[in-house]
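Working through the structure, step by step
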Amino acid sequence: MKINMKEVDGKVVVTLDGEMDTTAAVEVEKVLSPLYSEQEKDIILDCAKLEYIASSGLRILLSILKGAKASGRSVVMRHVNEDIKDVFKLTGFINIFTFE
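Since the model is a prediction, treat every value here as computed from it, not as a measurement.

Cut-offs used in this document
Residues numbered from 1 in each chain as written. Predicted model: local features only at pLDDT ≥ 70, side-chain atom pairs only at ≥ 80, totals over all residues. Heavy atoms only, no water. Pairing = 2+ DSSP bridges. Helix = DSSP H or I, 4+ residues; strand = E, 2+ residues; numbered from the N terminus. Salt bridge = Lys/Arg side-chain N within 4 Å of Asp/Glu carboxyl O.

1. Section: the pairing of strand S1 (residues 2-8)
- As defined by bridge partners, S1 adjoins strand S2 (residues 11-20) across seven bridges and the pair is classed as antiparallel. Residue pairing in the sheet places Asn-4 in a bridge with Thr-15 of S2.
- Linking two consecutive strands that pair antiparallel, namely S1 and S2, is a turn of two residues; a positive phi of about 50 degrees is found at Asp-9 within it.

2. Some thoughts on the pattern of salt bridges
- The final tally for this structure, using the stated rule, is three salt bridges.
- The shortest N-O distance in the salt bridge between Lys-41 and Glu-7 comes to 3.8 Å. You can see Lys-41 sitting in the loop between helix H2 (34-37) and strand S3 (43-53) and its partner Glu-7 sitting in strand S1, a full 34 residues away along the chain.
- Of the charged contacts in the structure, one is a salt bridge between Glu-100 and Arg-78, with a shortest N-O distance of 2.8 Å.

3. What to know about the sheet that holds strand S4 (residues 75-78)
- Reading across from one edge, S1-S2-S3-S4-S5 is the order of the five strands in this open sheet, with mixed pairing throughout. Two strands close off the open sheet at either side, each with one partner strand: S1 and strand S5 (98-99).
- Two strands pair when backbone bridges link them, and S4 and S5 are joined in this way by two bridges, in the parallel orientation. Opposite Met-77, over in S5, you have Phe-99 as the bridge partner.

Written out as structure tokens, the structure is:
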């Protein structure tokens with residue numbers, strides 16, 4: 001799993017590339033943990049290259065969303081493929097995340 005974070009137009013853009021399975025989730029959480037408490041910037045999660053997400057990956061994304069909402073920020077899921085979107089639908093997460 002590859003993760004790239006950069007600031008674009010005052011927002012944090014996170015590119016997720018590969019499979020966010022249970023094994024990768026530990027490293028993903030370490031890399032993304034600053035987003036749990038980032039106080040000023042909205043977050044864009046670019047999932048164009050995300051091939052798979054396990055429940056542990058969903059938990060990480062939910063933690064990011066909760067932290068962002070608590071400080072008045074937004075999280076947008078961008079370029080989510082249909083397979084990943086199906087996982088969000090099955091878990092009910094489709095109703096709590098914003099998709100572009």
